[in-house]
Every structure is written in structure tokens, then in C-alpha cells.
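# Understanding the architecture of this molecule
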Number of protein chains: 2
Amino acid sequence: MPTIRDVSQLAKVSQATVSRVLTGSAVVSPTKRAAVLAAIEQLGYQPNTFARSLATNRSYAIGAMVSELSSTVYGEIIRGIETVTEECGLQMVVASGHAREDAERGAFEFLSERRTDALIVQADVTPDDDLAAWVRDSDLPVIVIGRHIPAVAERCVYLDNVEGGALATRHLLERGHRRIAHVTGLMHLADGSDRCAGYRYALAEQGLPFEEALVAEGDFVEEGGYRAMQLLLQRDAGFTAVFAANDQSAAGALKALRDAGRRVPEDISLVGFDDLIIAHYLYPALTTVRQPFAEMGQAAARLALAALGVDEQKEVTRRFDPVLVERDSVAAL
Amino acid sequence: MPTIRDVSQLAKVSQATVSRVLTGSAVVSPTKRAAVLAAIEQLGYQPNTFARSLATNRSYAIGAMVSELSSTVYGEIIRGIETVTEECGLQMVVASGHAREDAERGAFEFLSERRTDALIVQADVTPDDDLAAWVRDSDLPVIVIGRHIPAVAERCVYLDNVEGGALATRHLLERGHRRIAHVTGLMHLADGSDRCAGYRYALAEQGLPFEEALVAEGDFVEEGGYRAMQLLLQRDAGFTAVFAANDQSAAGALKALRDAGRRVPEDISLVGFDDLIIAHYLYPALTTVRQPFAEMGQAAARLALAALGVDEQKEVTRRFDPVLVERDSVAAL
DNA sequence: TACAATCTTGAAAGCGCTTTCAGAGAGTCG
DNA sequence: CGACTCTCTGAAAGCGCTTTCAAGATTGTA
């Protein structure tokens, strides 16, 4: 492996000059510059990242922690991040939180210790306060994705979940549904309570009352959706449509509906949330509210770069708007 | 940030000694060792990775290139890799090939240049020969995942696709089906031709003839599966079951069947391949052949570590066996 | 008791970059 | 034409580790 020293000797200049053309940190006369470039070419020289990092105290890598790696959601986030790191010649190192609080913390610490230049964190179970502390107390820029934490809002990239819940509900309302049930997510998480708030908000817009009997708490996974739907069915509150807090709950609800002999969308309309890959494959294909995960990942990465002073990007979108994706699970009343 | 120097002064020993207790590279007397540990604790010292890397010429990171990041398959592979890198205190840096040959090459080069200690490559479109060249010519260990390339077999982690195809077909055979159609994958890829070979093999085992009319070429994605199924239907060759070369093709085939008014599994049985997350969500839930992606990722990582002399693991499984996952898309004849 | 063999230890030399600092030319102006 | 300012360049000092090498301490052996 040739070093900068070899290049400098071949080009008959000092190492400093080679370094300058490499980093563009200062002007170099055209002749020397050309000589350096030629030498680099000839030797097939590639700068040693370790040495560079040691000298500059930058890793030229950004860390991404996602709660769970093998989920399409996080895959898309990672992809979003990767597109921008790649574009900037930065590495992306990823760690998984394995959907457990201790592991999320562990992954965060691991990434911090190894000195990535910035950290993007998508935590499912770590509480807001802890995340806020991570952002505040870490000596590298930390961007939080998928959470809106007021205390550190400028470091958060998130979806407007209230609007999303309202969007789903309004869609049903527009199709003439008046008695709309809601399978919630975990209500102690912002994602859950915000989407529910959106549901109530949309109902209120139409002057419709909020009925306890029409809502059942789910847990963001299929089983919970199934159980919540059973409960709803059993209450027999006469609804014609259901808004499930995410696609997995919707899948569970769909199964419960099917098991109960109700047809979707002929008897009951159903709307999900997230637009996971499965939404497309369910039968009937699920109408749902899309979260632009990849774009959010990109935004987080840009925010991280901006915090590092690398990216010139003026304003990065931090709050994303959900969009309704119509498929086949909703019928007009 | 305290450095090794600070630690050595506080502990009243040399930097070399501190380094020795840190890396365990040599014995240190219990007293000094304790002093060092105490100093480290007191200062909250963390070794600087950059300096360490520069000195040892190791990055303590392994690179993973996957063809497409936002796919559950690759998510699982990545997760598998991560579990072992985490266990060994190594970072995992990931890059995406964006399912294009030039990008796959680009990602590979990017990772090589940045000197990860080893590289795990899952390429969809790069030809076998190029991959073999990467393995052979790279100066760091390269492990190929999801391909069996005889020339560099000891660096490959792969599924026995022939056996997988046979497994799917036998399952149908055991349920009494005799006329079994096959929606292939891309036949110029080993995954496609091997699974087809398995199909033929299982047929032959039962003394059944291979009929051209019963096979239609798909492309591993939904649209191709849909079209292939339409073609099969239109030929009217009287089959009672279909083996689709992957779950996405199966999803397309399922839709075509449904559109043609055929019920699955009552009229036609269907088996997929991969056991993607969608298999569970299709209706009826898809019986399919599972690839143990996470385990394969782990194996690849262990192989990489073994090549680095880090892991003591004696023998790492390189060829994985597919397993049949029974759900609701197959009925006995 | 003397000497060889073995352990432990510290000094110092890298690893390959970046960056500061000062000097050498070149250009400008009165 | 001399004084002064700019621009470009190179020497050298780190960055914070690991590792070699030789010396000192310790133990064992004759």
C-alpha cells in the first residue's frame, strides 16, 4: 500500500502539499497539483482512513441505530440514510436495538464509543426523556427519527401522527361511514395516542361524538389487532368501518373479521397505517396511511450532516406529512 | 477525553503497560494491572479507536453489502451478521447495491477502500465470475452469501436450492397431486434454475414426466408470477397444484388464480419459496420453503471472523438446508 | 553464592495522515 | 528601486495507540 510519503516523493513535493490537494484545504499551484494527481494515479494511492481519522478526529462514518433490523420499516429508514451517506462518501455503521430497552441503550453506547461522527437513532422502546438526554448529553450530534420530542425538537424527524389518524378517519367519513371503530396502538406511546387523537379530531370535525364502545386497545402487532377486533365485534356497537393504528393491527383485525364471517370491504371497511409492504399483499389489499420512511431517513442524515457542518442544505424538513394510499379495503357506504 | 497517557501517569506505569492490560497482549503483574484498571475507571477512559486502528491496521469493523436494503430478506441477513459482530465488539458497516450491477460494484469498492476488516457480500445482479474475482483478488477476506460459486466455495454461504425445489414439489406430491405446474424464477440465475432442477428431480423420483406445458417462466417478482400463472391457466394443462419459485411470484400467481375464479387451496394448491414476511399475510397464508436468512448471515459473519483469525469456531455451516413451512395454501387431493 | 533463564517493565519508534508556522518567491505600489 | 503584502510551499510536530527491544527484577539451578 503506497502512502502519502510515496506520493510526495514521486511528485517531488512535500507531504503537506499532497495532503492539500487531497483535502482541498488550501490552494496548490496547477503544476504541483497535476504532478500530485499523476503520482496518485500512477501509484494507485488511496489515503489511509485510520491515519486521517486520527489526525482529524473524525471517523467519516455516521451511526444508525434502529430498534429492529429485520423489519421493512427500518430497512427503508436505513436505505434513506444510506443514500445520503453514500453521496457524501461517508460510511454508515448500523446497530440494532433488538426491540429491547437495554439493547437500545447498548447499541447507542456502542456507537458513541466507537466515535461515529453523528448518530441517528430510531428507538421503539426507549422513553422520550432518555432520548432527549441522549441528544443533549452526547458529545456528538444525535438525531432522533420517528419521535417528536419537544425538548429537542430541532433534532427530531417525525411524522405528523395526529394528522395521519385524522387522514385515515376522514377518508372513511368521506365514504359515508358514520360509525367508525378504532383499533388503537399502544396508548402509552406517542404513535398510539397521537393517531387516536387524530381519529377523535376528525370525528369532531364532523360533529360526531367519540364513543368509548367503538375503540379497543391494540398493541401494534397482529395478535393485539385480532383480539381488539374480536372485542369490538362482540360489543356489537354497529360500526361499518375500522381504523387500525398500524398495518399489522389491521392484518389481525382483518383476520378476526374474516373469522367472524364479515367481508371486507363489503360489510366493513378497514384502513391501516404505515404502508408496510404487507399492506399490498393482504387480501383485500389494504388502504392505509403512508409514512415516507426513506425520506425521513434521508432527512435525518441531512440533519446529522448539517450538525457536523458538512452539508450546506439550508432547511431540512423535520415534520413529514402522511399520505393516504387507497387500495381495496374501503367501500363507500 | 483522557488518553492512554493520562491513565499511565495516574497509574504510575508506562503506556506500554496500560496497552498490555487493555489488549491482553502480555502478562502484567496483578498490582500494576489493578492500578491501571483503577485509573481507567477513575478517568472514564475509553481507548481511541482511530489510534488503535492506525497502529494495528485493523478497523474492528466488518462490511456488509446487500443488494437491496429495504427488503425483509436482506434485513434478516443484516440482523444475522449484526448479532455476531456485536458479540465480538465489532462494528458493522453496511452499504447497498441498489439492485444494480454498477452500484453493487461501487458499494463493494467503497467498503474495500475504507478498509473494513472483512466483507460480506450479498449480490443479486453481479455475475458469479465477478464475485469469484472479488473473493480471490481482494486483500481482505470476502464472504459471499446466497450464492454457491464452486471456484471459491469455501467462502460461500448458501442455500441448497435444488433440495428446496424438491422439497416444495415433494410436499405437493405427498398430498396426492400429480399434475404440478411450476412458475419459475429467472432461469439465468442459479436460484431460478436450481429450484427448477429440484422440481424436476422430485417429479422424476415419482416416475412422473417433466412437461413443458406445465412450466412458465417468471421473474421472481409479482408481475411475472401473475403473467406466468395466466399463461399456465390459458394453456389449460389441467394441473392441480403450483410451485412458484419465490413468495413474490406466488403472490402474483395467487392473484391471477383469484382473478380467474380459482380458489386456493380448494381448486389449486400453491407453494412458494423464501418464507418472506408476506407469506404469512397472504390469503390464504402461503405454504412455502423457508430460507434461514438470519442464520446464513451469522454463518457468513463467523466465516469472516475465522478468516481474520478472530473467531475460534471450528466448522461453520456453509450450505444450509431449506425447510418447509406449512400454512394454508395446500390441500390434499 | 554465582550465574543462567525467565518475567515484567519502560523508552521509544513507528502507524500515515493533517496542520501550523515560518520562509521563499512573486507581485504591487509609491 | 525598496518596502510591503500575498501566495505557495515544506519541515516538523502532533494525533493516541501498539509493539519492539533491551534492561531490570526475579526465580531457579548448580
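Here is what the cut-offs are and how they apply
Residues numbered from 1 in each chain as written. Chains lettered and ligands numbered in written order. Predicted model: local features only at pLDDT ≥ 70, side-chain atom pairs only at ≥ 80, totals over all residues. Heavy atoms only, no water. Helix = DSSP H or I, 4+ residues; strand = E, 2+ residues; numbered from the N terminus. Rg over C-alpha atoms; globule rule 2.2 N^0.38 Å. Buried < 20%, exposed > 50% of the residue type's maximum accessible area, 1.4 Å probe, protein only. Areas by Shrake-Rupley, 256 points an atom, 1.4 Å probe, with all protein chains shown as cover. Salt bridge = Lys/Arg side-chain N within 4 Å of Asp/Glu carboxyl O. Domains from an automatic or database assignment. Pairing = 2+ DSSP bridges. Axes fitted to C-alpha atoms, helices over the stretch in contact; angles between N-to-C directions. Near = heavy atom within 4 Å. Polar contact = N/O pair within 3.5 Å; in protein donor to acceptor, adjacent residues only side chain to side chain. Nonpolar A, V, L, I, M, F, W, Y, C, P; charged D, E, K, R; others polar. Least-squares fit on C-alpha atoms with pLDDT ≥ 70 in both. Contact = heavy atoms within 4.5 Å. 1 Å grid on protein atoms, 1.4 Å probe; cavity = no way out; pocket = protein on both sides within 12 Å on 5 of 7 lines; lining within 4 Å. Points joined across faces, edges and corners; volume = space filled by probe spheres on them. Right-handed = clockwise from strand over helix to strand, strands pointing away.

### Remarks on the overall build of chain A
Helix and strand counts for chain A stand at 13 helices and 12 strands. Radius of gyration (C-alpha) of chain A: 25 Å, far over the 20 Å computed for a compact globule of 333 residues. Along the longest, intermediate and shortest principal axes, the C-alpha atoms of chain A span 85 × 35 × 35 Å. The burial tally for chain A puts 53% of its 333 residues in the buried class. When the accessible area of chain A is evaluated, it comes to approximately 13,900 Å², of which 48% is carbon and sulfur surface.

### A look at the pattern of salt bridges
Residue and element names in this part refer to chain A. For the structure on display, the rule yields 36 salt bridges over all chains. Measuring nitrogen to oxygen at the nearest pair gives 3.9 Å for the salt bridge that ties R227 to D219. Judged by its relative accessible area of 21%, D219 is partly exposed. One network of salt bridges, with partners in common, ties together R105, E109 and D130.

### Side note on the domain arrangement of chain A
By the assigned domains, chain A splits into domain 1 (4-54), domain 2 (59-157 + 293-321) and domain 3 (161-291). Each of domain 1 of chain A and domain 3 of chain A has a C-alpha centre, and the two are 61 Å apart.

### Here we look at the sheet that holds strand β6 (residues 180-184) of chain B
Residues and elements named next belong to chain B. A sheet is described by the order of its strands in space; here 4 strands give the open sequence β7-β6-β8-β9, paired in parallel fashion. The sheet terminates laterally at β7 (215-217) and β9 (269-271), the two strands that pair on one side only. Ignoring which end each strand starts from, the neighbouring axes of this sheet average 15° apart. Note: β6 against strand β8 (residues 241-244), 4 bridges, orientation parallel.

### Looking at the protein's contact with DNA strand D
Neighbouring residues of DNA strand D: 26 residues in total, closest A:T17, A:R20, A:S29, B:I4 and B:S19. Within 4 Å of the protein, the atoms of DNA strand D are drawn from sugar and phosphate moieties in a proportion of 63%. Interatomic distance of 3.1 Å between a backbone N/O atom of A:S14 and a phosphate oxygen of DNA strand D. Within the contact set of DNA strand D, a phosphate oxygen lies 2.9 Å away from a side-chain nitrogen or oxygen of B:Y45. Elements supplying a minimum of two residues to the surface near DNA strand D: α2 (15-23) and α4 (49-56) of chain A together with α2 (15-23) and α4 (49-56) of chain B. A breakdown of the residues in the surface near DNA strand D according to their chemical character gives 13 nonpolar, 9 polar and 4 charged.

### Some thoughts on the relation of the copies chain A and chain B
Both copies of the chain are related through a single rotation about an axis accompanied by a shift along the same axis. Its rotation angle being 180°, the transformation that places chain A on chain B also includes 0.0 Å of axial translation and leaves an RMSD of 0.1 Å. Accordingly, the operation relating the two chain copies is best matched by a two-fold axis. Across chain A, the smallest distance between a C-alpha and the rotation axis is recorded for A:V93, namely 2.0 Å. Counting the interface residues of chain A, we find that 100% of their copies in chain B are interface residues as well, pointing to one common contact surface.

### Looking at the protein's contact with DNA strand C
Close to DNA strand C lie 26 residues; A:I4, A:S19, B:T17, B:R20 and B:S29 are nearest. At a separation of 3.1 Å, a phosphate oxygen of DNA strand C approaches a polar backbone atom of B:S14. Within the side chain of B:R20, a nitrogen or oxygen atom sits 2.7 Å from a base nitrogen of DNA strand C. Of all the elements in the fold, those that place two or more residues in the surface near DNA strand C are α2 and α4 of chain A together with α2 and α4 of chain B. Residue classes in the surface near DNA strand C are distributed as 13 nonpolar, 9 polar and 4 charged.

### Re the sheet that holds strand β9 (residues 269-271) of chain A
All names here are of chain A. Reading across from one edge, β7-β6-β8-β9 is the order of the 4 strands in this open sheet, with parallel pairing throughout. The open sheet has two free edges, formed respectively by β7 (215-217) and β9, since each of these has just one partner strand. Going across the sheet, the axis of each strand differs from the next one's by a mean of 15°, ignoring polarity. Pairing of strand β8 (residues 241-244) with β9, which is carried by 3 bridges, proceeds in the parallel orientation. Across the sheet, A241 pairs through a bridge with S269, a residue of β9. In the packing of helix α9 (residues 190-205) onto the sheet, contacts are made with β6 (180-184), β7 and β8, and the angle to β6 comes to roughly 170°.

### Let's talk about empty space enclosed by the protein
For the structure shown, the criterion picks out 2 cavities of 30 Å³ or more. Counted as a void, the largest cavity has a volume near 240 Å³. Looking at the largest cavity, it is lined by 18 residues, and the ones nearest its centre are A:S59, A:Q91, B:F50, B:S59 and B:Q91. Looking at the lining of the largest cavity, the elements with two or more residues in it are α4 and β2 (91-96) of chain A together with α4 and β2 (91-96) of chain B. One number sums up the size of the second largest cavity: a volume of about 70 Å³. Lining the second largest cavity are A:L69, A:Y74, A:G75, A:I78, A:V94, B:L69, B:G75 and B:I78. Within the residue set of the lining of the second largest cavity, elements represented by two or more residues are α5 (72-87) of chain A together with α5 (72-87) of chain B. A per-element tally of the lining of the second largest cavity places α5(A) first, with 3 residues. Residue classes in the lining of the second largest cavity are distributed as 6 nonpolar, 2 polar and no charged.

### What about the layout of surface pockets?
Of the volumes computed, that of the largest pocket is approximately 1,200 Å³. For the lining of the largest pocket, the secondary-structure elements that each account for two or more residues are α12 (277-281) of chain A together with α5, β5 (156-159), α8 (161-174), α9 (190-205) and α13 (293-308) of chain B. Partitioned by chemical class, the residues of the lining of the largest pocket number 22 nonpolar, 13 polar and 11 charged. When residues are assigned to domains, the lining of the largest pocket turns out to be shared by domain 2 (59-157 + 293-321) and domain 3 (161-291) of chain B, each giving three or more. The volume enclosed by the second largest pocket comes to roughly 920 Å³. A:Y74, A:Q122, A:D124, A:D191 and A:F220 are, among the 41 residues lining the second largest pocket, the residues nearest its centre. Looking at the lining of the second largest pocket, the elements that each hand over two or more residues are α5, α9, α12 and α13 (293-308) of chain A together with α12 (277-281) of chain B. Among the elements that make up the lining of the second largest pocket, the one with the highest residue count is α5(A) (4 residues). A class-by-class count of the residues in the lining of the second largest pocket yields 21 nonpolar, 12 polar and 8 charged.

### Concerning the pairing of β6(B)
All names here are of chain B. The element β6 is extensively covered by neighbouring structure, given that 5 of its 5 residues are classed as buried. Side chains I180, H182 and T184 project from β6 onto one buried face, and the interleaved A181 and V183 project onto a second face that is buried too. With 3 bridges joining them, β6 and β7 adopt parallel strand pairing. Within β7, the position partnered with T184 by the bridge is E217. The parallel pair β6 and β7, bridged by α9, forms a crossover whose chirality is right-handed.

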